[in-house]
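# A closer look at the structure
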2 protein chains.
Amino acid sequence: MLTDLVSNFFCKPPKVNFLMSSTTKTLELLSHFSVARPEIGLTQFCRLALRDKATTYRHLQSLETAGFIEQNPMTKAYRLGPALLQLAETREATVPRKSAALPPLHALADATGETSHVAVISGTTVYGLVSCESPQHGIRAIMDLDTFPLHATASGLCALAFGPAQLLDVACENLHGFTAATPPDRATLVDLIASIRQSGFGQADRTYEDEVKGVSAPIFDQTGNLAGTVAVACVASRFTPELERAIKRNLITASRAISRNWGGTIPASIEAAWANSTTLHMNELDTAS
Amino acid sequence: MLTDLVSNFFCKPPKVNFLMSSTTKTLELLSHFSVARPEIGLTQFCRLALRDKATTYRHLQSLETAGFIEQNPMTKAYRLGPALLQLAETREATVPRKSAALPPLHALADATGETSHVAVISGTTVYGLVSCESPQHGIRAIMDLDTFPLHATASGLCALAFGPAQLLDVACENLHGFTAATPPDRATLVDLIASIRQSGFGQADRTYEDEVKGVSAPIFDQTGNLAGTVAVACVASRFTPELERAIKRNLITASRAISRNWGGTIPASIEAAWANSTTLHMNELDTAS
DNA sequence: AACAACGGTTCAATATATGAACCGACGATA
DNA sequence: TATCGTCGGTTCATATATTGAACCGTTGTT
C-alpha cells in the first residue's frame, strides 16, 4: 500500500540526531505521556517523536519489556507501566525529597495564598517535584510543568544563579521565547543572574507566561550544593509590594525548612543576601512613601 | 595500569546476549537499586550487571540524561532520579491502580491478620504493587518483591491460571528452585494450574520460602482480562483450615472490590469456581470431622 | 613512594539500530 | 460490498551506533 509512504513522510526526522544514544531516544518517548495524554498509539508516537514506525515500535517494545509502559489490551495504545511505581517508591524511600518538602510547602502556600511549588535540580535539569495550590483565590497561577526552563522561570533562574556554572551554557542553548519578557540573549540572562545572586531570590516577571510573576529561593542538601528551589507563582495583577515582602519572608522560612529536611543548610552568603535585600527592599519602600 | 585488567576480568559477561536491545540492557541497570542498596558506584554496577566499565558508564549516562538516575555529588555513586516520581505520578493519575486497591487490601489484611499484597500483571511479568502488613502478629510473612516468580508464588500461579496462555512458556523458561517444594518441571506446573482453575484460588505451599504459604485470587479490569492478583502470605505454622476458609472468604471480597475499582468484574466462571470450591471445602471438612 | 581501586575516556572492530517497503486487519464511506 | 485510509506490526539490506580492551588521572591506603 502507498499510504504508509504518506504516513512515513510525516514521521520523518529532520535528519539530525544530536549525538543521542538510542537509549536516550527511547526514554524520550516517555516524556510524551501526561495526564492530558495518558495513552498513545504507535502511529501517534511516530509523529510526536519524529521517528519512523519500525524504530518507534522497537523502542516501545524495549520500554514494555522493562515495564515502563504497557499496552492497553483494548485500544492497543501504550500507557505508562507499573515498574515506574516501584522505582519511584524506592527513590522516595531512599532519597525522601517530596515527603520532606510537603509540610513547609503547604505552609508557604497557606501563608502567601498563592500557588507554590518545589523543584529539584538533577544534572542540568530542573524537575518539578510537587506543587501546592492555595485554595484562597479563584484565579491561581497553574504550574503543571515537568521540567522548568532555566532562562524563563523563577526556579530556573534560581538554579542558574546558585547552581553549577555549566547550567548557563545549557540555558543559552535553548533560549526559547515564551513571552515578550523572556530573556532573549545571554547578556540579559547574565544581568538577571547577577541581580538574583545579590538578592538571594529568583525572580521571573512574566517571562514564562503573561500575567504570572514568580519568586523563588534556593534549597540545599547535605552535599552543600544547590539541590532544588522553592517558588511562589503569582497572578501578576495581585503582585503588590506588600505581597512581595510576604512572599519573600515566607520563602526564606520554607527554604530553610526544606533544606534542613533534605540534610543541608543555607550558606552564609545567601543568608546575608536575604538579610541585605529584604532590608534594602524596606528602605526602597520608605523612600518611595 | 594492570589493575583494570583484573577488575574487567570480574566484570566480563558470559559472552551471551540473549537478543537484548541496548536499551533493555540499560534499563536493567535500574533493577539493581533497592531500599537496601540505594546508591551504586560505576565499578559496582559493572559487577552487578556483568558488563564492562565503558558500556556501563555510557548506559548510566543515558539514564542520567533522562533523569532516571542522578549522581550523588559527594560519593560519585548513582541513585534513582527525580524523573521517576513524575512518571509514576502520571501513571497513577491516569491508571489508578494502587490507590484503588488500597482500601480493600487493608480490609483484607485486617480481617485475616496476615500480610496481604496486590500485584499487577503487565505483559508477562507480575509486578508487586502494594503490600500491607497486619500489625496483628509479631511474626509476619514479609513479601518485599519487585516481581513475583510465576511458578513459585500464589500470585504468579494465579496469573498462569487466569492470564494469557503464553505466560506458561515464560514461566517454564525460568523454573528456578527456591525451596524443596518449588515446582520443578512443566508437568507439575500444569497440574498445579489445573487445580487453581478449578478452585479459583492460587495456592503456593512453601514453594517460594520455607514456612510461607500463599493464597491468591485474580483481579480483572475493564478489558475483561486478568489485570492483577490479590494474595495473602501466611506463616505456615499458623495456617489452619479455619484460617484458610477465612482467607478465601476475604480474598473473594477483596478481589471483587478491587476489580470493581479497576473497572472490571469477576467472570462468571470464576465466581462459579469460588462457590464450588468453598462449599467443597466445607464438605471436606464435614467428612473429615 | 608504591600500589590498588575508582570514575571516566579513547578508538578500532563489529554487532546493532535503522527505515523503506510491505502485510493484514479494521472502520468509514459511498 | 468494493474502495480507501489508517492502524499495529514485520522484514531485510544497509550503515551507523554500540562495544570492550586498554588507557588516563585522581584518591586513599599502607
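Scroll up to find the structure.
Residues numbered from 1 in each chain as written. Chains lettered and ligands numbered in written order. Predicted model: local features only at pLDDT ≥ 70, side-chain atom pairs only at ≥ 80, totals over all residues. Heavy atoms only, no water.

## Notes on the interface of chain B and chain A
- At the junction of the two partners, chain B supplies 53 residues and chain A supplies 53 residues.
- For the pair chain B and chain A, the two sides together bury roughly 4200 Å², of which 63% comes from carbon and sulfur.
- Considering only the side of chain B, the residues that lose the most area to chain A are B:Leu85, B:Gln86 and B:Arg91, jointly responsible for 15% of the buried surface there.
- Remark: the boundary between chain B and chain A carries four salt bridges.
- The shortest N-O distance in the salt bridge between A:Arg91 and B:Glu70 comes to 2.8 Å.
- Counting the contacts that link chain B with chain A gives 17 residue pairs in polar contact (both at pLDDT 80 or more). (Contact = heavy atoms within 4.5 Å. Buried area = accessible area lost by both parts, 1.4 Å probe. Salt bridge = Lys/Arg side-chain N within 4 Å of Asp/Glu carboxyl O. Polar contact = N/O pair within 3.5 Å; in protein donor to acceptor, adjacent residues only side chain to side chain.)

## A short note on the packing of helix α6 (residues 98–112) of chain B against helix α10 (residues 241–261) of chain B
Residue and element names in this part refer to chain B.
- At a closest axis distance of 9 Å, the pairing of α6 and α10 adopts a crossing angle of 170 degrees. Taken together, the axes of α6 and α10 lie roughly antiparallel to each other. The segment α6 lies against α10, with Ala100, Ala101, Pro104, Leu108, Ala111 and Thr112 engaging Leu243, Ile247, Asn250, Leu251, Ala254, Ala257, Ile258 and Asn261.
- Tallied by class, the residues present in the contact of α6 with α10 amount to eleven nonpolar, three polar and no charged. (Axes fitted to C-alpha atoms, helices over the stretch in contact; angles between N-to-C directions. Helix = DSSP H or I, 4+ residues; strand = E, 2+ residues; numbered from the N terminus. Parallel < 35°, antiparallel > 145°, perpendicular 65-115°, else oblique. Nonpolar A, V, L, I, M, F, W, Y, C, P; charged D, E, K, R; others polar.)

## A closer look at the pairing of strand β5 (residues 202–205) of chain A
All names here are of chain A.
- By the alternation rule, side chains of β5 split into Gly202 and Ala204, which are all buried, and Gln203 and Asp205, of which none is buried.
- By the bridge criterion, four bridges tie β5 to strand β6 (residues 212–220) in an arrangement that is antiparallel. Note that in β6 the partner of Gln203 across the bridge is Val215.
- If you look at the hairpin formed by β5 and β6, you'll find six residues sitting between the two strands, and Arg206 has a positive phi there, around 55 degrees. (Buried < 20%, exposed > 50% of the residue type's maximum accessible area, 1.4 Å probe, protein only. Pairing = 2+ DSSP bridges.)

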